[in-house]
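A structural walkthrough
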Amino acid sequence: MGLRILAVLIVGGALWGQITGVVRDANTLQAVPDAIIVIKGHSMQTTSASDGSFSLNDTASLPFYLVVAKHPYFTEPVFISTVSQSQNMMIDLTPVPLETSMPNGALNTPEDCETCHPDTYTEWLGSPMQKTGLNRWVWDVWDGTGTAGGMNGFVYKRDSIHRFANPNSDCSACHSPVHWLTDIETAGMGDDVNNPTADMSRGVQCEVCHRAAFVDPAKSNFPGVTPESFSFFRNIDVYAEFGLRPDVTYSGGIMRAAYNPQLSAELCAACHEDNTDHDDDGDFEDAGSVPHETTFSEWKTYFLAAAGSGKTCIECHMPLTERDAFCVFEKGRSGTVRTHHIRGTSPAFLDSAVNLDVNASESLSEYVLDIDLTNIGAGHSVPSGVVIRNMLLLVRVRDGLGQDATLLAGDTLDPVAGVGDPNQGYYAGLAGKAFYLNMSDGATERLFYTEANQLAFDSRLKAGESYQNQFRFQMPSQLAGGLQVDVKVLYRRSFRELLDQKGWTMTGHGEPLADIAAPDYGHVMAEYTQSLNPCADRDLDNNSLVNGLDLAILVDQWLSPPPFGGGAKTGMMHLAALVNCLP
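These notes cover the structure that comes with them. (Residues numbered from 1 in each chain as written. Predicted model: local features only at pLDDT ≥ 70, side-chain atom pairs only at ≥ 80, totals over all residues. Heavy atoms only, no water.)

It is worth spelling out the overall build of the chain at this point. When helices and strands are tallied, the chain shows 15 helices and 24 strands. Within the chain, the fraction of its 583 residues that count as buried is 48%. Looking at the chain alone, contacts between residues at least 24 apart form 62% of all its contacts between residues at least 6 apart. Of the roughly 26500 Å² of accessible surface on the chain, 55% is carried by carbon and sulfur atoms. (Helix = DSSP H or I, 4+ residues; strand = E, 2+ residues; numbered from the N terminus. Buried < 20%, exposed > 50% of the residue type's maximum accessible area, 1.4 Å probe, protein only. Contact = heavy atoms within 4.5 Å. Areas by Shrake-Rupley, 256 points an atom, 1.4 Å probe, with all protein chains shown as cover.)

A separate point is unusual backbone geometry. The step from L62 to P63 runs through a cis peptide bond, and the omega angle for that step is -5 degrees. Its place among the elements puts P63 in the loop between β5 (53–61) and β6 (64–69). Between A518 and P519 the backbone carries a cis peptide bond, its omega angle lying at 5 degrees. With respect to the element layout, P519 can be found in the loop between α13 (496–502) and β24 (523–532). A positive phi angle, near 50 degrees, is found at I342, a position not held by glycine.

Taking strand neighbours across the sheet as the criterion, the four strands line up as β4-β3-β6-β7 in an open arrangement whose pairing is antiparallel. Of all the strands in the sheet, just β4 (45–47) and β7 (76–80) have a single pairing partner and so form its edges. When strand polarity is set aside, the average angle formed by the axes of neighbouring strands in this sheet is 20 degrees. Bridging between strand β3 (residues 36–39) and β6 involves four bridges; their strand directions are antiparallel. If you follow I37 over to β6, its bridge partner there is V68. (Pairing = 2+ DSSP bridges. Axes fitted to C-alpha atoms, helices over the stretch in contact; angles between N-to-C directions.)

To continue, consider the packing of aromatic side chains. Here the distance between the centres and the angle between the planes together describe a pair of aromatic rings. Going through the model one piece at a time under the given rule, you end up with 14 aromatic pairs. Three or more aromatic residues joined by ring pairs make a cluster, and in this case those are F154, F448 and Y449. The residue whose ring lies beneath R256 is F74, and the NZ or CZ to ring-centre distance is 4.0 Å. Positioned above the aromatic ring of Y426, the side-chain terminus of R496 is 4.1 Å from the ring centre. (Phe/Tyr/Trp six-rings, centres within 6.5 Å; stacked < 30°, edge-to-face > 60°. Lys NZ or Arg CZ within 6 Å of the ring centre and 35° of its normal.)

Below, the discussion takes up the state of the cysteines. Applying the stated criterion across every chain, the model contains zero disulfides. C313 provides the cysteine sulfur closest to C316, a residue in no disulfide bond, and the two sulfurs are 8.4 Å apart. What makes C316 partly exposed here is its relative accessible area of 29%. (Disulfide = S-S within 2.5 Å.)

With that settled, consider the pattern of salt bridges. For the structure shown, the criterion picks out 18 salt bridges. The residue D247 makes a salt bridge to R245 at a minimum N-O spacing of 3.2 Å. Grouping residues by exposure puts D247 and R245 together as buried. Linking D500 and R496 is a salt bridge whose minimum nitrogen-to-oxygen distance equals 3.3 Å. Of this pair, D500 and R496 both sit in helix α13, four residues apart, roughly one helical turn. We classify D500 as partly exposed; its relative accessible area is 36%. (Salt bridge = Lys/Arg side-chain N within 4 Å of Asp/Glu carboxyl O.)

Relative to the helices and strands, F471 is located in strand β22 (residues 466–474). Placed 103 residues apart in sequence, F471 and V368 show a C-alpha to C-alpha distance of 5.8 Å. The residues contacting F471, other than those within four sequence positions of it, are Y367, V368, L369, I371, L393, V395, L407, A409, G410, D411, A431 and G432.

Judged by pairing direction, the sheet is antiparallel, and its four strands sit side by side in the order β19-β17-β23-β24 without closing on themselves. A single partner strand is all that each edge strand has here, and the edge strands are β19 (432–435) and β24. Taking each pair of neighbouring strands and ignoring which way they run, the sheet shows an average axis angle of 5 degrees. Examined bridge by bridge, strand β17 (residues 390–398) and β19 share four bridges and lie antiparallel to one another. Each residue of the ladder has a partner; that of M391, found in β19, is F435.

Written as structure tokens, this is what we have:
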């Protein structure tokens, strides 16, 4: 058409058009493909092609920063003050010198990070991540010193079949990783839970994540920060901090920003995906090693099936805040800074994890509940995590005296729900279903995972999966007080047997424990309750009471010849049902 459209326009002090250039490796001058190119503070971005070239169409007021990020390179900010500088740029990315990483190089402390990241530090402080090294339950299972009753039940250092080959286990590789890194062979969880070192008190601290250079997904079953699967950058002369933001411009002497997309999910696999080491050879991937914590692979299966509509780990567990500053020297767009509270089994997460649908119906002889329980809110199994976690579907139909109706058809809760008095939270044998990972050695079930060599079964609800069943109860003989129907989904942090053995009254982090709290003895994730008066339709004289007159009317109808007798409310079953309603 003879018209030439200009590639760049200046409109009202703003640059609009194609920002073009090539991204290269600063050492080799070779093209760097798949680098992210974005204007600082903007959401629009592009990536470099196989030859390193890129073209970004965006609008920005001059001057501005164009930022280029790629793993494992230092993030490169480019200051653009004129139109000509935005065209045909040659941007060289400096590789993070991973080959010069120092195995014993000191990591910065969270208090060091607080200086520039005060809000993030405050969120992390007191979070579950900060408390991992002093989790009293972990210490109870490891050496029995976490609580007063810690020596009861299973204690790894005393009872484990692996205690001689691996006396300190691998707990600390996740729960106290910086402490573990000081002495991989003998560190264990630490010397004394009541007199912890600074690193024990810091748990999973800032640079455990932000110095993580690479996590090998092919070896994710190795626990925690083991060098076979987890690469740290610990060079004390070059302070690289890895993060998920591709638009960081700060590059002072304290640190240089580097981009690592694995922080969105794969990094979580380091501690939320593991196998047992059945033969104590240090290989958690060999044949015979049994999957224990599979949260990451559960999520990955869900995420791939979601085909673009699923969420990553951080999108759920580190949601965006309204803050715009992630550093005292840096600002982004409002709503682009993620929280570092990093919650998991909080009430908010538990209450949104499952959906409970109940359809109730009754006859003269039965009360029927059709139940559909679906994992709608978790991108992994429910429950997930360490083997002692469990979820119970508890289905109860009780008469006016509080007696449970007889179950005619439907599942019953197994011993994981606790054997004993239902009024004290021991629900084994009652109607319902237990959802958990049952690990075994072939003879004993519900073992702590270090001792297992096989999976007895996995009844947990996968992401999007439903449990459907019909529960039929015999109509109780005592109906004068009505019926109380309760269907509850309960989350428990421990098998009831282990909880009783250890005498746990608080969570491992020192918070109230719903497992032992009446009336539910577990955190109620979802529930359906109904109070019924089945006797209401057996009131034949319409005086709102079931009495002898109703009985006389029913007998009269039963004995009368048609068309007066033989009606819908006659017969021996109806007579018995009405008698059950007499006060």
